[in-house]
Structures are given as C-alpha cells and as structure tokens.
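# Structure at a glance
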Amino acid sequence: MSLATPTFKVEKLQKTLHEKAKAESNFRFYSLYDKICKMDVLRVAYKRCRRNGGAPGADTVDFIDIETDCLEKWLEKLQKELVNKEYCPRPLLRVWIPKANGDMRPLGIPSIKDRVVQMATVLVLSPIFEADFTDNQYGFRPGLDAKLAVRKVFFQIAKHGRPEVVDGDLKDYFNLIPHGPLLKSVARRVSDKRILSLLKMWLEAPIIERDKRTGSEKRSTPNKDGHRGTPQGGVVSPLLANIYFRRFSKYFEEQIPNKGTNAFLVNYADDFVICCATGEGPKVMDFTQRAFKALGLAINEEKTKLINMNTGGQFNFLGYRFGMEYSLKGRSYIGTRPSVKAVQKLRKRIHDETSVRWSGMSIESRIKELNPVLRGWLNYFNQGPVIKECRVIKKYTEKRLRRWLVKKHKQRGTGYRQYPDKYLYEELGLYKMPVSRADLQSAKSCHSD
C-alpha cells in the first residue's frame, strides 16, 4: 500500500479515543497495545518520521537504507516483533548541540525503528491525554503553537491588568523528570501494562557516545541509574513532558484562587510565564518554587525572575522580547518585538548559509536555502513592531550574499557595483524583507493566502 493512502482509519481511531477520554475523565484505557501494532498506525507513524527527517541513530540505519531494501517488508517485520513481544529498543546516540547561552545541550537520538514505534505510541496516546491537558499548555499540541502562547501572555499583561510577571525557567526539565511519578501520571489514564513497559524501556534506554577522533564508543545508563529523565530527541519525549507538566498546571489552577490571587499561567514545553496582578508576584513566586520542589523539579534561581512591566521591566519568552515600546507620537505601551537573541540567531544562520565552504555550490542553491529561512522567521515574528529588525536583517543578507558572490567568482570589492539590489531581488529571486508597515501588511497577507 502506498504511504500516500489517506489516514482516515488512524484519524477515526484517534477521534474515538479522544471522545471517550473527554466524556469520562476517570476512564482508564486497558487495551491500547494492539492498536499500536496495527499496520495502518505503523504506516502513518513511518510517514511522519520520514517527513520529520533527522540523522540515523546508533545503528546508522537511515530512511534510504530502509526504502532501498523494501519498506513494506520492514514494516511487516516490525509489526511481527511488536505482536510477538520481541521488540526491544536500541541504545540512543548521544549528540551535543549548542544552546543560546553558549552551553551544550545533550540529545538522545533513537534509531529509526524506535522512532516509528514511539510515533505509533504517540498517535494512540496523544488523543487520550489531549483531553486532560489544561488550556494554558501550548507546546506540542494540535491547533496550538508558540505564537498563540506569546499572544496569550501579551493580552494577560496589556489587556487584563497583570503587569507583574514570573519569568520562569526550569532547571534541566527533560533530564530531571522522575520516572516513578511520570509513569503514575500515565497510568492514571492507561492501565495497559504493555504500553507502560514500552515507555519504561524508552526512559531507561542506554546511551552511546562516539568519539569522532578515535571512533571509540562509550556506553552509559544515566537515566536508568538516576531513575530520571526523558531523552530530548525522542519522539515520545514531548508528550511525556506535557503529561508531567500537567501536574503543576492542574495544581496551579486549583490552588492559586485559594491563595487570594488571579494569576494566569502560560506554558510551552519547559518554558513558562505567570502573569500576576500588582502586588501578587512575590506570593505566586513562592508558591511556584514550593510546587515544583514537591514535583521533584528545580527552578533555575538565576534565570527565574519577578518582573514589573509597569516600571520598565522586560523579559524574553519564546523568542519575543516583552517590554515598553513607544509610538511615533512618543506614547508608551507594553508590546513585543523579536528578542536580541532571535535576531542574532538568524544572522548566524544567514552567515552559515553564505560561508566560503559553499563557494562550489550554485547561486540557486543559496537562494533556495535562504528564502525559506527569511520567510519563516518573518512569519513567526510579524507580531508587534518588527520593521527595525527587518531592515537590519535585509541589509545583512544583502551584504553576506554579495560577499559570497564576489568570493565565488574570485572578484574584488564588496560586490555592491557588480550585484546591485535589482540583480539580487529581480534576477536571483532573493526574498525581500519588508522595510515599511505597508510592506509588512503585504507580507502578512501573502502568508495568510
């Protein structure tokens, strides 16, 4: 069967599970493993993993290898392993990626086989837990995204009179989630022991770290030894992180009114912001620290701050900077704009895509890489005043592309004379960042269409 076959069977299954979970908040699902083993579910799971892409795991098997040998046979073999309970996860491949603050973040990359089984599990479990998540959880959920979370925070501060903000940061959230309480949170809805066993195996999977210089491998089991952590990089990890954060979110909704406050929580993955009325911030900050400690998690004391927006305070959330802005007439108001880090990150990406190492590539390939990056950045950051940042990015992109063209063709100078704006935009087709409000509205309309 072609992978392009409509997934209506899987969607129908998800709808049935969600409606049951929504209708009966205390119902526990006792027979779910057989649904993960269905070939329709495995096909959809593979299709989604293929679309997401990603590097191979520790076994070095990639999507091309699977499809070259025969995808249908691979899926049939996987289904047989699951049905016969012979499936066992492979070790995770440890990869380090840079964080915005200069530190390195560890990722655990599963094999493609494990990714597909995890995705099949997510397809079955997500509709159930989606019925339980609170309205202030925005991460990794259908129909919700980071921009909606940003918008919610803005309206709570600017329109609903909550100018005191707890800008929260959890210390190493994904790596510190305790396994016992997490699995209890899952078991509140899922009594199928085979599902719980799968989740436990993924949580405790060993990690392989390869030395690029010597080729040697180091094997460790930090999550199993510490009984903590859901590896970032795993397909199932975002769902598990949401399930565990729900414990705080639900407790917050139940207890905050009893504290005599009307604070409002907005959460996205491991980031959260709590908007409070004037004078309520210290009380909410204390409550938050105590609640997370009870959950076995820790607040990052250095990064978690209480900010008063009415006195000129500012903070960053999901790439946006919240702070005082000024209209053309000098009127002050609380608004949002791209954070300094968000602009720097984009500049670095533009720099990387126009470095000398790509001199052997065609100009079409550079435009093909740059345009989606520029368009996607603007599509996310088109809320609030952004023209100033767009002008900076436009100038920087033109400068970098001209420099790349000069070096590619072994020419002298800056490239302004050889490659004017008309050439970059009309002949090469470089995406043009807006430089006025009218341009921005036109770009928004284009994205909407």
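For clarity, every value in this text was computed on a predicted model and none was experimentally measured.

Procedures and definitions
Position numbers for residues count from 1 along each chain, tracking the sequence in the order it is written. Restriction of local features to residues with pLDDT of at least 70 applies here, the model being predicted, together with a cutoff of 80 or more for giving and counting side-chain atom pairs; totals for whole chains, interfaces and linings are based on all residues. For the side-chain quantities, the full set of heavy atoms in the structure was used; hydrogens and water were omitted. To qualify as a helix, a DSSP run of H or I must reach at least 4 residues; to qualify as a strand, a run of E must reach at least 2; elements of each kind are numbered from the N terminus. Radius of gyration: over C-alpha atoms. The globule rule applied is 2.2 Å multiplied by the number of residues raised to the 0.38 power. Partly exposed describes any residue whose relative accessible area lies between the buried limit of under 20% and the exposed limit of over 50%, with all areas from a 1.4 Å probe on protein chains only and scaled to the type maximum. Any Phe, Tyr or Trp ring, taking Trp's six-membered ring, that has another such ring centre within 6.5 Å forms a pair; planes under 30 degrees apart are called stacked, those over 60 apart edge-to-face, and the others tilted. Charges are assigned to positions over rings by a cutoff of 6 Å between ring centre and Lys NZ or Arg CZ, combined with an angular limit of 35 degrees from the ring normal. In this analysis, strands are considered paired if DSSP registers two or more bridges between them. Each axis is a line fitted through C-alpha atoms, taken for helices only over the stretch in contact, and angles between the N-to-C directions span 0 to 180 degrees. Only heavy atoms matter for contacts: two residues are in contact if any of them lie within 4.5 Å across the pair. Between 65 and 115 degrees an angle is taken as roughly perpendicular, under 35 as roughly parallel, over 145 as roughly antiparallel, and anywhere else as oblique. Crossing handedness is read from the near helix: turned anticlockwise from the far helix by less than a right angle, it gives a left-handed crossing, and turned clockwise, a right-handed one. Put simply, a salt bridge is a Lys or Arg side-chain nitrogen that is within 4 Å of an Asp or Glu carboxyl oxygen. Each helix should span, by expectation, one fewer than its residue count multiplied by 1.5 Å. Bend at a residue means the angle formed by two fitted axes: the first through the 7 residues ending at that position, the second through the 7 residues beginning there. Under the convention adopted here, Pro, Cys and the residues Ala, Val, Leu, Ile, Met, Phe, Trp and Tyr are nonpolar, Asp, Glu, Lys and Arg are charged, and Gly plus all remaining residues are polar.

## A closer look at the overall build of the chain
If you tally the helices and strands in the chain, you get 18 helices and eleven strands. Against the compact-globule benchmark of 22 Å for 449 residues, the chain has a radius of gyration of 25 Å, which places it among compact chains. Taken over the C-alpha atoms alone, the chain extends approximately 70 × 65 × 45 Å along its principal axes. Going through the 449 residues of the chain one by one, you find that 48% of them count as buried.

## Side note on the packing of aromatic side chains
If you walk through the whole model with that rule in mind, you get 22 aromatic pairs. Relative to F29, the ring of F27 lies with its centre 4.9 Å away and its plane at 85°, an arrangement referred to as edge-to-face. The exposure class of F27 is partly exposed, given its relative accessible area of 23%. Where Y251 meets F287, the ring centres are 5.5 Å apart and the plane angle is 10°; that geometry is what we call stacked. Note that Y251 is positioned in helix 12 (residues 237-255) and F287 in helix 13 (residues 281-294), a separation of 36 residues in sequence. Take F287: its relative accessible area is 7%, and that puts it in the buried class. Counting every residue linked through ring pairs, the aromatic cluster contains Y173, F174, F245, F248, Y251, F252, F272, F287 and F292. Above the ring of Y396, the side-chain terminus of R347 is found at 4.1 Å from the ring centroid. Seen from the ring of Y425, K432 lies directly overhead, with NZ or CZ sitting 5.5 Å from the centre.

## Brief notes about the sheet that holds strand 6 (residues 264-268)
Taking strand neighbours across the sheet as the criterion, the four strands line up as 6-7-3-8 in an open arrangement whose pairing is antiparallel. Of all the strands in the sheet, the pair left with one neighbour each is strand 6 and strand 8 (305-308). Adjacent strand axes in the sheet meet at a mean angle of 20° when their direction is disregarded. Summarising the sheet, strand 3 (residues 164-169) and strand 7 (residues 271-276) pair through six bridges and their orientation is antiparallel. Opposite D167, over in strand 7, you have V273 as the bridge partner. Where helix 7 (residues 146-158) meets the sheet, it contacts strand 3, strand 6 and strand 7, and its direction lies at approximately 160° from that of strand 6.

## Looking at the packing of helix 9 (residues 179-187) against helix 10 (residues 193-203)
The geometry of helix 9 relative to helix 10 is characterised by a closest axis approach of 11 Å and an angle of 150° between their N-to-C directions. The angle between the axes of helix 9 and helix 10 places the two elements in the roughly antiparallel class. Note that helix 9 runs across helix 10; the crossing there is right-handed. When helix 9 is examined against helix 10, the residues H179, L182, L183, V186 and A187 are found in contact with a partner set consisting of L196, L199, K200 and L203.

## Examining the pattern of salt bridges
A complete count under the given rule lists 21 salt bridges for this structure. A salt bridge links E217 to R210, with the nearest nitrogen and oxygen atoms 2.7 Å apart. Here R402 makes a salt bridge to D421, at a shortest N to O gap of 2.4 Å. Highlighted residues: R402 in helix 16 (residues 387-408) and D421 in helix 17 (residues 421-427), separated in sequence by 19 residues. A relative accessible area of 34% means that D421 is categorised as partly exposed. Residues joined in a network through salt bridges with shared partners are R321, E325, R337 and E389.

## Topic: helix 12
Under the 1.5 Å per step criterion, the end-to-end length of helix 12 is 28 Å for 19 residues, consistent within 8% with the ideal 27 Å. The largest bend in helix 12 comes to about 30°, at R246.

## Thoughts on the packing of helix 5 (residues 71-83) against helix 6 (residues 112-130)
The contact between helix 5 and helix 6 brings their axes to 12 Å, and the two run at 65°. Considered as vectors, helix 5 and helix 6 are oriented roughly perpendicular to each other. Of the two possible hands of crossing, helix 5 and helix 6 adopt the one that is right-handed. Side by side, helix 5 and helix 6 meet where W74, L78, E81 and L82 of the first sit next to I112, K113, V116 and V117 of the second. Within the contact of helix 5 with helix 6, the residues separate by chemical class into six nonpolar, no polar and two charged.

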